[in-house]
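# Structural overview for review
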Amino acid sequence: MAKTVKKTVETSEFTEVSEAQIAVHWKEEEYYQPSEAFKAQANLRDPRIFEKFGLDKFPDCFKTYADMLTWFEPYHTVLDTSNAPFWKWFVGGKINASYNCVDRNLAKYASKAAFIFVPEAEGERDVVITYQELHTRVNEMAALLRGLGLKAGDRVTLHMPMVPELPVTMLACARLGVIHSQVFGGFSGQACGSRIQDSGSRLLITMDSYWRNGTLSDHKANADIAVRTAKELGQDVDKVLVWQRYPGTYSAKTPMVAGRDVFVNDLLEEHRGKKVDPVLLPGEAPLFLMYSSGTTGKPKGAQHGIAGYLSYVTATSKWILDIHPEDIYWCMADIGWITGHSYIVYGPLANAATSVLYEGVPTFPDSGRPWRIAERLGVNIFHTAPTAIRMLRKLGPQEPRKYKYHFKSMTTVGEPIEPEAWRWYYDEVGKREAVITDTWWMTETGGFLGTTVPAIHAMKPGSCGPAAPGIHPIIYDETGVEVPKGSGRAGNICIRNPWPGIMQTIWGDPDRYVKTYFGKYNRNPRSKDWRDWPFMCGDGAVQAADGYYRILGRIDDVINVAGHRLGTKEIESACLTVPEVAEAAVVPVQDEVKGRVPEVYIAVKPGVQPSQDVIDRVIKANEEVIGKIARPKHVYIVPDMPKTRSGKIMRRVLAAISNRRDVGDVTTLANPDVVEQIRVMVQGKDKVPTTQGQLPEDIAKYGEVE
C-alpha cells in the first residue's frame, strides 16, 4: 500500500472573485486543427450547416434529422408544443426503431458485422454478429416476448452486462413497442428492484454471469434481490428470464427459482426462425426509460420517445462521431448508461456501423488491452470517458506507443476532461493524428449538446467547443440574467430551444420533470411558446470570447469558500498539472471561519513515491492556477480512489470521510477495501463519532446527483 502523506494548510489570504458566481480562472488553451485528410472524408464539412440550424429556422431545420430515418407513414407536425414543456416530435408519423437499426440495413449490409463481441478473457474468441444474424436473433427474441403476452406500452426491466444479448433484447423490445428499462449491470439488486417498481415492470431479463476483472461473477444473485426489493415496494415480478453467458451451461451459483425463472435459451427453441413484423408505432411513442444513477431519493426515469430520440442519435452519430458504414467503431462505455444506448446501440446501428462490444474492464489483464484490441480489429473511431482516459494514462502512459492502430477520430464523454489529460489523449492515444470531439450532454438530453463538429471546428483542450447544430445554449446567473460570452464569469448553462433528443418526461412524475428542468427559468407556466421554457441542464459553465463552452461540472459540485463559489472540477484540474498526479478528487469540508474549504485526495502515477514535495506542489498549483482562495485544508495521497465498477470516483464517499460521516454501503464499489484505508488515514484507527444529521445539506448531499 502507498505510504500515507498528509498536510494541513492554513488559509489566510483570499483572491477576489465575483459574488454568487463560480470562480473561473482557467487559462485559455491553444487550438488544435483537424487534418486535411480527416476533413476530406468527413460526413459533415460545410460550415453553413449552422445557418441552416439557426433559431430562425427552428424547428423545421430538424426535418433533416427525421429524413435520415425510414418511415412507414409520414409525420405531419415537426414539433407539437401544445402541452409545453412535454414536447412531441414528428407527430403523426409511424415508425419502428428496430426496423431502422436492423431491417433497412439488410439490402446492402446483410453480411457485414453489426457487432464484434470481444470477451474479457483474451483466450476466448471474438464473436462476429452480422446484420443478417442480428435480424434473425432480434426476431426470435421478439417472438419469445410476444409469446409471453407482451405488447406495445408494456415495460420490461433488463439488468444485463456488456454482451450481445443485451442489444438483441433491447431491439426485440423496440420491435414490439415494449418500453425497455436497462439497469447498469454493476448496480446492486436493490437499485434494480427500485427501478422495477417505479416502471411497473412484471418481467425481469438478466444473465447468469459475466466476466469482470478476471472473475466470472454470479449476476443471477442480483435478480433474486431485485425481485424481493420490488415486491417490498409493492411491485410483483411474474417471470425472470435468464440468459446464459455460455449457452447450455448455467454459470451462476445462485439457484433458479422454480415457476418464476426460465432460461432464455430454452424458450428460444420454440421460436427458432420466427419472423415478427415490426409494429408501426407513433413517432412520439416511448422507446425506453433510463434511470438516473443517484444514490438518494426516488429513481428518476427519463423517458425517451422513438422518432425524436432515434433521429437525434442517428444524425449526431453520423455528423459528430463521423461514422461511415466501412468504419470500425468502438465506444468503450457501457450500454447500461445513456452513452451506450445512444452511441453503441441506436445511433451506430441506424448508420449501418460495425461496433466493437467489449465485455470487461479496459485494464484487464493490463493497460495495453484497449490498444491491442484496437490494433487487432482495425478500430479507427474510439469513444470513451475521461475517467477511463485518466486511468489508462495512470497505469500505462506509454502503452499506446507499442501498438500499430490508427484512430481517425476520438470522442470523450461523461464529464469535463482536464487539459492535461486531453493532451495525453491527443498525443499518445491519438498519435497526434486523430481529431477529438470533447462532448457534453446527459441522460436527459439523449445525445450530444456541446461539441465541435470535427471537420469544421478547431479543438481546444478543456472546452467541449460550441454547440451541436440546432442547439442554442444560454448561460444565466442565479437571477435569470444572461452571462455574456467572454466575460470570464460562469453561471447555469441552459438550452433555449427543445431538440429531438430531449427526454419527454420523467416516468410517472410529470411535476418533477417540470420543476427540475424548467422551473428555475420558466417565464410563464401557462405558455405554449417554446421560448418561455429554457431547459436547465444542471451544470455550471463559462463561455469564452470565441464561443467555446467550458463545463465546470454539476452545479451541486461547487464549494462556497468565504462567499466565493469554486468549481471543484477546476481545483481537480489544477492538481493534475503536477506531473506525478494521476487522479484528483476534491470535496468540501466545514470550516468555522470560511463555511467551506476544499480537501484534496490525490493518487500518484505508478513508480512515484508519495512525498511531501508532491503535496507542496499540489498546493502551489492551486494557488497559481486559481488563487489562494483555493488552497486546500488537507492534501491526502491515497493508494487508490473509491470507484464504482464503471470507474467513476465516488466523491460522496470521500466527502463523508472528510466530514466524519458514515460512508454508507460501499459493497457495490469496485474496490470497497480502500475506503477503510482512507478512513484510517484521515480519521485515525479508532472509529470517530459521525456527524450524521448535523451537516448542512450541501455537504450531506455532495457528490450525489439526484
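Report follows, based on the coordinates. Just so you know, these numbers come straight off a predicted model, no measurement behind them.

### A few points about the overall build of the protein chain
Tallying secondary structure elements over the protein chain gives 21 helices and 32 strands in all. Here the C-alpha coordinates of the protein chain stretch approximately 75 × 60 × 55 Å along the principal axes. A burial count over the protein chain gives 64% of its 706 residues as buried. Split by element, the accessible area of the protein chain, about 25500 Å² in all, is 50% carbon and sulfur. Charge-centre separation for the protein chain: the mean point of 84 positive side chains lies 1 Å from the mean point of 85 negative side chains.

### Some points on the sheet that holds strand 13 (residues 239-243)
Taken in spatial order, the 8 strands make up an open sheet running 14-13-10-8-9-16-17-25, and their pairing is mixed. Only two strands of the sheet have a single neighbouring strand rather than two, namely strand 14 (261-263) and strand 25 (505-506). With 5 bridges joining them, strand 16 (residues 286-291) and strand 17 (residues 301-305) adopt antiparallel strand pairing. Bridge pairing in strand 17 links Leu289 to Gln303. Helix 7 (residues 165-176) contacts strand 8 (155-160), strand 9 (179-184), strand 10 (203-207), strand 13 and strand 16 of the sheet and is inclined by roughly 175° relative to strand 8. Across the sheet, helix 11 (residues 306-319) is in contact with strand 16 and strand 17; its angle to strand 17 comes to roughly 85°.

### Things to note about the pairing of strand 12 (residues 215-218)
The pairing of strand 11 (residues 209-212) with strand 12 spans 4 bridges and is classified as antiparallel. Bridged to Ser209 within strand 12 is Asp218. Hairpin connection between strand 11 and strand 12: a loop of 2 residues separates the two successive antiparallel strands, and Asn213 in this loop has a positive phi of roughly 55°.

### A short note on helix 9 (residues 220-232)
The end-to-end C-alpha separation of helix 9 is 19 Å, in line with the 18 Å expected for 13 residues at 1.5 Å each. What helix 9 keeps buried is the set Lys220, Asn222, Ala223, Asp224, Ala226, Val227, Thr229 and Ala230. Summarising the contacts, the buried residues of helix 9 are in contact with strand 8, helix 8 (189-199), strand 10, strand 12, strand 13 and strand 14. One or two residues past the end of helix 9 sits Gly234, with phi positive at roughly 105°.

### Digging into the environment of Met391
You can see Met391 is positioned in helix 14 (residues 386-395). Sequence spacing of Met391 and Ser367 is 24 residues, and the spatial spacing of their C-alpha atoms is 8.7 Å. Aside from chain neighbours lying at most four places away, what touches Met391 is Pro362 and Thr363.

### Digging into the pattern of salt bridges
Should their charged atoms come close, side chains of opposite charge can pair. Inspection of every chain in the model, using the stated rule, returns 42 salt bridges. Salt-bridge contacts for Asp327 lead to Lys408; the nearest nitrogen and oxygen are separated by 3.0 Å. Of this pair, Asp327 sits in the loop between helix 11 and strand 18 (328-331) while Lys408 sits in the loop between helix 14 and strand 21 (409-412), placing them 81 residues apart in sequence. Across the pair, exposure class does not vary: Asp327 and Lys408 are buried alike. The shortest N-O distance in the salt bridge between Lys643 and Asp640 comes to 3.7 Å.

### Observations concerning the side chain of Asp532
Mapping Asp532 onto the fold places it in the loop between helix 16 (510-517) and strand 26 (535-543). With no salt bridge to any partner, buried Asp532 finds its closest opposite charge in Arg523, at an N-O distance of 4.4 Å. Not counting the four nearest positions on each side in its chain, Asp532 is found in contact with Tyr521, Asn522, Arg523, Asn524 and Ser527.

### What about the sheet that holds strand 26?
The strand order across the open sheet formed by 4 strands is 23-24-26-27, and the pairing between neighbours is antiparallel. With one partner strand each, in any of the chains shown, strand 23 (473-476) and strand 27 (549-554) form the two edges of the open sheet. Going across the sheet, the axis of each strand differs from the next one's by a mean of 45°, ignoring polarity.

### Looking at the packing of aromatic side chains
The geometry of an aromatic ring pair is captured by the separation of the ring centres together with the interplanar angle, meaning the angle of the planes. Using the criterion set out here, one finds 42 aromatic pairs in the structure. Measuring from centroid to centroid gives 6.0 Å for Phe53 and Trp319, while their planes differ by 85°, and the two rings are edge-to-face. With Phe53 in the loop between helix 2 (49-52) and helix 3 (63-66) and Trp319 in helix 11, this residue pair connects regions lying 266 residues apart in the sequence. For the pair formed by Phe53 and Trp319, the shared burial category is buried. Taking the centre distance of 5.1 Å and the plane angle of 55° together, the rings of Tyr75 and Phe90 count as tilted. Taken together, the positions of Tyr75 in the loop between helix 3 and strand 3 (77-80) and Phe90 in strand 4 (residues 88-91) put the pair 15 residues apart, joining distant regions of the chain. We classify Tyr75 as buried; its relative accessible area is 17%.

Definitions and limits used
- Residues numbered from 1 in each chain as written.
- Predicted model: local features only at pLDDT ≥ 70, side-chain atom pairs only at ≥ 80, totals over all residues.
- Heavy atoms only, no water.
- Helix = DSSP H or I, 4+ residues; strand = E, 2+ residues; numbered from the N terminus.
- Buried < 20%, exposed > 50% of the residue type's maximum accessible area, 1.4 Å probe, protein only.
- Areas by Shrake-Rupley, 256 points an atom, 1.4 Å probe, with all protein chains shown as cover.
- Lys, Arg positive; Asp, Glu negative; His and termini not counted.
- Charge placed at Lys NZ, Arg CZ, Asp CG, Glu CD.
- Pairing = 2+ DSSP bridges.
- Contact = heavy atoms within 4.5 Å.
- Axes fitted to C-alpha atoms, helices over the stretch in contact; angles between N-to-C directions.
- Expected span 1.5 Å × (residues − 1).
- Salt bridge = Lys/Arg side-chain N within 4 Å of Asp/Glu carboxyl O.
- Phe/Tyr/Trp six-rings, centres within 6.5 Å; stacked < 30°, edge-to-face > 60°.

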